[in-house]
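# Observations on the model geometry
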There are 6 protein chains.
Amino acid sequence: MDYERILLTGAAGRLGSVLRKSLAPLARNLRLADASPISTQFGQEEIVTFDLADMKATLAACEGCDAIVHFGAVAMESSWQTILDSNIRGTYHIFEGARMHGARRVIYASSVHAVGYYKIEDQIGLDAPVRPDSLYGVSKTFGESLSRLYWDKFGLESVCLRMFSSFSKPRNRRMLWSYLSFEDCARLTEAALTAPRVGHTISYGLSDNKTKVVDNSGANHLGYTARDTAEPWREELEANTPVPDPRAPADKHLGGWFCDIGHPDDPD
Amino acid sequence: MDYERILLTGAAGRLGSVLRKSLAPLARNLRLADASPISTQFGQEEIVTFDLADMKATLAACEGCDAIVHFGAVAMESSWQTILDSNIRGTYHIFEGARMHGARRVIYASSVHAVGYYKIEDQIGLDAPVRPDSLYGVSKTFGESLSRLYWDKFGLESVCLRMFSSFSKPRNRRMLWSYLSFEDCARLTEAALTAPRVGHTISYGLSDNKTKVVDNSGANHLGYTARDTAEPWREELEANTPVPDPRAPADKHLGGWFCDIGHPDDPD
Amino acid sequence: MDYERILLTGAAGRLGSVLRKSLAPLARNLRLADASPISTQFGQEEIVTFDLADMKATLAACEGCDAIVHFGAVAMESSWQTILDSNIRGTYHIFEGARMHGARRVIYASSVHAVGYYKIEDQIGLDAPVRPDSLYGVSKTFGESLSRLYWDKFGLESVCLRMFSSFSKPRNRRMLWSYLSFEDCARLTEAALTAPRVGHTISYGLSDNKTKVVDNSGANHLGYTARDTAEPWREELEANTPVPDPRAPADKHLGGWFCDIGHPDDPD
Amino acid sequence: MDYERILLTGAAGRLGSVLRKSLAPLARNLRLADASPISTQFGQEEIVTFDLADMKATLAACEGCDAIVHFGAVAMESSWQTILDSNIRGTYHIFEGARMHGARRVIYASSVHAVGYYKIEDQIGLDAPVRPDSLYGVSKTFGESLSRLYWDKFGLESVCLRMFSSFSKPRNRRMLWSYLSFEDCARLTEAALTAPRVGHTISYGLSDNKTKVVDNSGANHLGYTARDTAEPWREELEANTPVPDPRAPADKHLGGWFCDIGHPDDPD
Amino acid sequence: MDYERILLTGAAGRLGSVLRKSLAPLARNLRLADASPISTQFGQEEIVTFDLADMKATLAACEGCDAIVHFGAVAMESSWQTILDSNIRGTYHIFEGARMHGARRVIYASSVHAVGYYKIEDQIGLDAPVRPDSLYGVSKTFGESLSRLYWDKFGLESVCLRMFSSFSKPRNRRMLWSYLSFEDCARLTEAALTAPRVGHTISYGLSDNKTKVVDNSGANHLGYTARDTAEPWREELEANTPVPDPRAPADKHLGGWFCDIGHPDDPD
Amino acid sequence: MDYERILLTGAAGRLGSVLRKSLAPLARNLRLADASPISTQFGQEEIVTFDLADMKATLAACEGCDAIVHFGAVAMESSWQTILDSNIRGTYHIFEGARMHGARRVIYASSVHAVGYYKIEDQIGLDAPVRPDSLYGVSKTFGESLSRLYWDKFGLESVCLRMFSSFSKPRNRRMLWSYLSFEDCARLTEAALTAPRVGHTISYGLSDNKTKVVDNSGANHLGYTARDTAEPWREELEANTPVPDPRAPADKHLGGWFCDIGHPDDPD
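This section reports on the structure supplied with the text. As the structure is a prediction and not an experimental result, all values here were calculated from the model.

Here is what the cut-offs are and how they apply
Residues numbered from 1 in each chain as written. Chains lettered and ligands numbered in written order. Predicted model: local features only at pLDDT ≥ 70, side-chain atom pairs only at ≥ 80, totals over all residues. Heavy atoms only, no water. Phe/Tyr/Trp six-rings, centres within 6.5 Å; stacked < 30°, edge-to-face > 60°. Helix = DSSP H or I, 4+ residues; strand = E, 2+ residues; numbered from the N terminus. Buried < 20%, exposed > 50% of the residue type's maximum accessible area, 1.4 Å probe, protein only. Lys NZ or Arg CZ within 6 Å of the ring centre and 35° of its normal. Contact = heavy atoms within 4.5 Å. Buried area = accessible area lost by both parts, 1.4 Å probe. Salt bridge = Lys/Arg side-chain N within 4 Å of Asp/Glu carboxyl O. Nonpolar A, V, L, I, M, F, W, Y, C, P; charged D, E, K, R; others polar. Pairing = 2+ DSSP bridges. Axes fitted to C-alpha atoms, helices over the stretch in contact; angles between N-to-C directions. Least-squares fit on C-alpha atoms with pLDDT ≥ 70 in both. Expected span 1.5 Å × (residues − 1). Bend = angle between axes of the 7 residues up to and from the residue.

### Some words on the packing of aromatic side chains
In the structure shown here, the tally under the stated rule is 54 aromatic pairs over all chains. Pairing Trp80 of chain B with Tyr92 of chain D gives two aromatic rings, centres 3.8 Å apart and planes at 15 degrees, and the pair type is stacked. Taken as a pair, Trp80 of chain B in helix H3 (residues 80-100) and Tyr92 of chain D in helix H3 (residues 80-100) lie in two separate chains rather than in one. For the pair Trp80 of chain B and Tyr92 of chain D, a shared accessibility class is recorded, and that class is buried. Ring plane angle 45 degrees and centroid distance 4.7 Å describe the contact between Trp257 of chain E and Phe258 of chain E, whose orientation is recorded as tilted. By relative accessible area, Trp257 of chain E is classed as partly exposed at 48%. For Phe258 of chain E, a relative accessible area of 6% puts it in the buried group. Taken together, Phe95, Tyr108, Tyr150 and Phe154 of chain A form an aromatic cluster joined through their ring pairs. Positioned above the aromatic ring of Phe167 of chain C, the side-chain terminus of Arg14 of chain C is 4.0 Å from the ring centre.

### Some details on the interface of chain D and chain F
Accessible area lost upon the coming together of the parts is a frequently used measure of interface size. In this assembly, 16 residues from chain D lie in contact with 15 residues from chain F. Sorting the residues of chain D by area buried against chain F places Pro196, Arg197 and His221 of chain D first, and these three jointly supply 46% of that buried surface. At the junction of chain D and chain F, the tally comes to one salt bridge. Note that Glu121 of chain F is salt-bridged to Arg197 of chain D, the shortest N-O span being 2.6 Å. The residue makeup of the side of chain D that touches chain F, split by class, is four nonpolar, eight polar and four charged.

### Some details on the sheet that holds strand S6 (residues 157-163) of chain C
Residue and element names in this part refer to chain C. The seven strands are arranged S3-S2-S1-S4-S5-S6-S9 in an open sheet whose pairing can be described as parallel. Single-partner strands in this sheet number two, and they are strand S3 (45-49) and strand S9 (200-205). Each adjacent strand pair in this sheet contributes to an overall mean axis angle of 20 degrees, direction not counted. Note that S6 and S9 share six bridges and pair parallel. Considered in S9, the bridge of Val159 is made with Thr201. Running over the sheet, helix H2 (residues 55-62) touches strand S1 (3-9), strand S2 (27-34), S3 and strand S4 (67-70) and is turned about 170 degrees from S2. Packed on one face of the sheet, helix H6 (residues 182-194) meets S1, S4, strand S5 (105-111), S6 and S9 and runs near 145 degrees to S5.

### Some details on the relation of the copies chain A and chain C
Superposition record for chain A on chain C: RMSD 0.0 Å, screw rotation 180 degrees, translation along axis 0.0 Å. Classification of the inter-copy transformation places it as that of a two-fold axis. Interface overlap between copies: 100% of the residues of chain A at the interface are likewise at the interface in chain C, consistent with a symmetric, same-surface contact.

### Notes on helix H3 (residues 80-100) of chain E
All names here are of chain E. Between its first and last C-alpha, H3 extends 28 Å over 21 residues, near the 30 Å set by a 1.5 Å rise per residue. Approximately 30 degrees is the largest bend angle found in H3, and it occurs at Gly90. H3 sits mainly inside the fold: 17 of its 21 residues count as buried. The positive-phi residue at the C-terminal boundary of H3 is Gly102, with phi of around 75 degrees.

### Focus on the relation of the copies chain D and chain F
Both copies of the chain are placed relative to one another by a rotation about an axis and a shift along it. With an RMSD of 0.0 Å, the fit of chain D onto chain F corresponds to turning through 120 degrees and sliding 0.0 Å along the axis. With respect to symmetry, the two chain copies, as superposed, fit the operation of a three-fold axis. Among all residues of chain D, the one whose C-alpha sits closest to the rotation axis is Ser217 of chain D, at a distance of 6.1 Å.

### Quick notes on the pattern of salt bridges
In the structure shown here, the tally under the stated rule is 114 salt bridges over all chains. In this structure, the salt-bridge partner of Glu96 of chain E is Arg99 of chain E, at a minimum N-O distance of 2.8 Å. Of this pair, Glu96 of chain E and Arg99 of chain E both sit in helix H3, three residues apart, which is roughly one turn of that helix. Take Glu96 of chain E: its relative accessible area is 3%, and that puts it in the buried class. Its relative accessible area of 18% is what places Arg99 of chain E among the buried residues. Two residues, Arg247 of chain F and Asp245 of chain F, come together in a salt bridge whose shortest N-O distance is 3.3 Å. One network of salt bridges, with partners in common, ties together Arg5, Arg31 and Glu46 of chain A.

So, in structure tokens, the structure goes:
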């Protein structure tokens, strides 16, 4: 138990609920933050409710935390204003809070959509220039860039997790290769928090699926090993969903259907 | 069962006989082609007999096939005329047939001999410039280049499998690292046919031997995992065959004894 | 004269004043935009005055322009709110305006500060992951990422110019290697506007100084050739300014003194 | 004058006529070969007339030559049968003739169309995997692969010149970046013949045009320096030809309009 | 049993004692060498006692050996004179002995300290330029360079093993990622001796620890697979040793505390 | 004039005599060191005579020097004992002297023979692993490794100059590409001394010869530009020396005839 207090943002969300449990053994106290109120509270938990766009509240929530797991954000393509407030301004507030209050490490939920326009057979590693597939993806590249600055200039360690599809189970054919189980997501986050030295590290977040679409070897020092796979759902999903067209934008790119959608603020 | 009909060329050959069985579950119909007649015929099978140098017959055989597994070729160093007819002209006929009749994907049996002049410790990946070790090897680089064109220009997906030594069991010391079991060859071909998106992909074909001589990570999206190894034959082969000389051309290069032989049309 | 109308933002600024003249021959009309009013107006010029943080006004200014040269921004480290409004929100407004009104190409004034934490002897090219040295630098990586999206998704071509020190003459020892003369800045911008195909291109902006600190060969298709150099000022500058300490952050990094300053919102 | 006798194929063609003059000082004898008869003959010249598809005649023409400059081929996209006879079989005959008769070096006219599907901003070097844009381009990759074999196995040195657009003057906007003047073509061929050691070398063939689209530094040991440029024709060509669409296949790829045409044997 | 006689230097040392047993099955005779006398002697063993700085004795010890496993050296930072005599001069004597007496292969105990100044997250491979962290590390780069010469010039195969921390068990937090078990050390040495072709190969020496800090894929042809891991000692070590500071030189670099110490000949 | 006192070793040698003049304007005092006595002495010069193998004398000679230009060494393949004393021990003494007496920068005369076994067409850069061609070459890789340590650990800047053939004029065909004129050698040394930041930099040393055999772009921050070339001597040298055999070890490798010679201590 290396940490005194971990702040978990987005604690009421899909992944936040998973991490709430898995982070418990890693710190004496766990501060849960979300814009939506959290009603139940367990022994070591503290609960704070605020919007990430609220700079003052966000900075305050970081006080006393030596680690921050920042999963609070809009998790899909949205209007520019929403992306700006929640993902750009909100992420800035978190890193500022971490810096001002002396946190040692931030785990940042980035996304495959930071590099969504690469093709599957490109087999990119972690050093490829960003190619976001959406305003959401651009906001994730902002967070990665900001965290790089906070390491180089202020010595704040960070790990940016480019998560693919983290759900309770794979939902379509794409997730046969993009699936990240909840348990693997928890393992990866724990690895990022406990690895002895991360400096500024980017890592993909994937389970051990049969089809492997990126090269994550540059993050081997995190010590993450996936234990799950989408294979148990293959038969069912292949039976129920059409064969992908490998020439379609949504099927050839890492970002999937994010590459198909237009600008979020365009009228329908 | 994603395919309506797969054409398998070289169906009467050593590997063709293996694939004839393993491809059966992947398509409703399996069209077996070879220059030698095939006498037996099972339920879903169609049998066609022709020489790959016969353009008209080859094109006709592609009709109605949404996938082609092209293993028909001279599989060793041979006279220029033989290589030209069987491997260069024949391969062109197959890709033209695929294009004309709208096949979705071609699996092409390339070979280690396309890069046979690299040394073992070079640990090449899939992007290294070709270094063929024979006219046979040159013909394989022709097929790889042609398939790249058919993807870039005509949208025909293809996987080029650079197979090493696929036999029922390893036969000499070199095969302790170059062995590809029949079962792994079948697994690799199935992976190439069923991966969701391949575009134009090259992959090495090897079992999980102890000594690993190339880096195949660039083809991880095929989802192939070797399950066999040459290790069970090590003791026997080491006892019966001389220690290799690591300075000899046939022992230091990926291509093995192909690097030792002269021009096939030279008089003895 | 390939363009009908070019919008130049930051037209009243140090570099804007230079470009106002050099862009004139490239378009039938030149629309000058700045937050500060521009009093004089020449024949082909139109003048618009607005703040880049004003989305509506910025979008409107893009109408009728087939090219945009976006040099309007806060050009040094500033408070987060200023960076956010001027460089992040403002740049988004420009790219949205370009997309909505069908511009063909945007030339974006990025900066060396997007990669300011690399060392001189790293000799980075254009594909190195970003390492901003300031909030200002982070805002420039945001613009680069956004322009990548607008090319990949919307087909809007862009060139990001990572300018070093563009002044009327070099002012200190660092500028002996970081100098970009006004004339070379104009040449580079013209090259970016007139190159036949740029897709999404990043280029460094430097004169032909003796000490060369980056590898810009990846942007050779712009056709830019520097003609100036800082050499004429060497003797004077070396006489008047102290020898740099190659171990000091400001002297070893590309970003110079930006690497020395703390957080802009910290109290003194 | 290092060579006793140089064989020049395609001697009656556009470039052959240029080389006929420039090669004269490099050898005591110059053997001119073409399928079309050459009527005039100068002092040191020998003239032979044959079709490259004629193996016997081609082998015979190589006798007594210590260098071969192989420019004879169909120089544009053509029917498969024509490409096969002239460029594939013909090139094989030449390398066989060189080997049988002990030539020291072969200069092979390859083409940009061996890598025509790369984009301008890819800025590829010489090690990029081939991406032919036509059957013609595939035949050039065949020649490159074959020459690699003849060096690795038989010790025959070769230089493959990937020429872009070699004409008396640039003819369209694309040639503003793809132009190779006749004089530069002659310089490059001479450099390839006289460099002290080439092993197996590939080089692009371009004049010193403003827009540079590939990285040829890997061939610096040839000692070739372009002296010409397409710039003198810029004004005229820009005035007379439409602005390219950077999103069109013919404008974004190195191969130009070769990327636009379909299969040569398709009915119109 | 491919070897007639293996010379093992440093046979009385920590690792030498391990290898003395593991090498036994690989050769008919095992010659044990050390500066300290070895009292016990088993059947196939020969024992020689000499200092590696004694050229004549070292050369003599190599006679009749077709393989040399050179683990004799000062194994930590020491005075220049000690490093010079033992590690530089001694290693030269060994390679000369191998050459003069016709050994086929030398396994050389190099060290992580040849690249100790890289950071954990650099994830270097085997081709990274050396960055020694001590005079000891410099001596190891000397041995690697010398062995490269002896392969290129004299055809003597060699494997340089860059061992991390080989002890009976991990002793501190760093060894949770730097641990190489005795058994894995023996496996690696055996792999280096028995791989069919090594030419000149460098390999890292590590067990299969959770945190992986280098990329050893370039040595896959050795056929080494780690079977041990430091994990069983994690809980105990984490309980008893302080959390590392990821900003401290000894914690961020591969070389660990070697990066913290000054010059060995400095007065305290 | 940035330096107070420069120590020049090897000052009586071929290159030392050149540098003695060119270094004069760069420092207030110039200390000339050599094992052979130097009889003449000019105004700012100090003369010291000692053997580099004499540690005490070498350390003393470094006192009061803020820069050291270390060209003193045996400059060709020699017996091991000579190489050891002069090049290995001597170089260690110099770096220790620099460290003890607080020099700011060392310019070290390395050599092409540190990488002599690469082939001309390999076109290596500065990051390629060393491949020495002689004991002399090994000693140069020792110096490069040592200087890397002194930078990483002690903050002593250094530039390693891998000089090719520096003579008053080229003497044979190889020098048509390996020539470094005395004037260019002086320019390069001056650049290395005056570049604002070098950290630890390696640079090739070559004039602007027609045939370029390495990629030195990684040292562009030195600001060195060659102004001479071997071309004026081409005609004479080609007339008087035989055509090289591109398959001979001495003609295909960067190291030239160093690759041909055996072990220096072998009896003839």
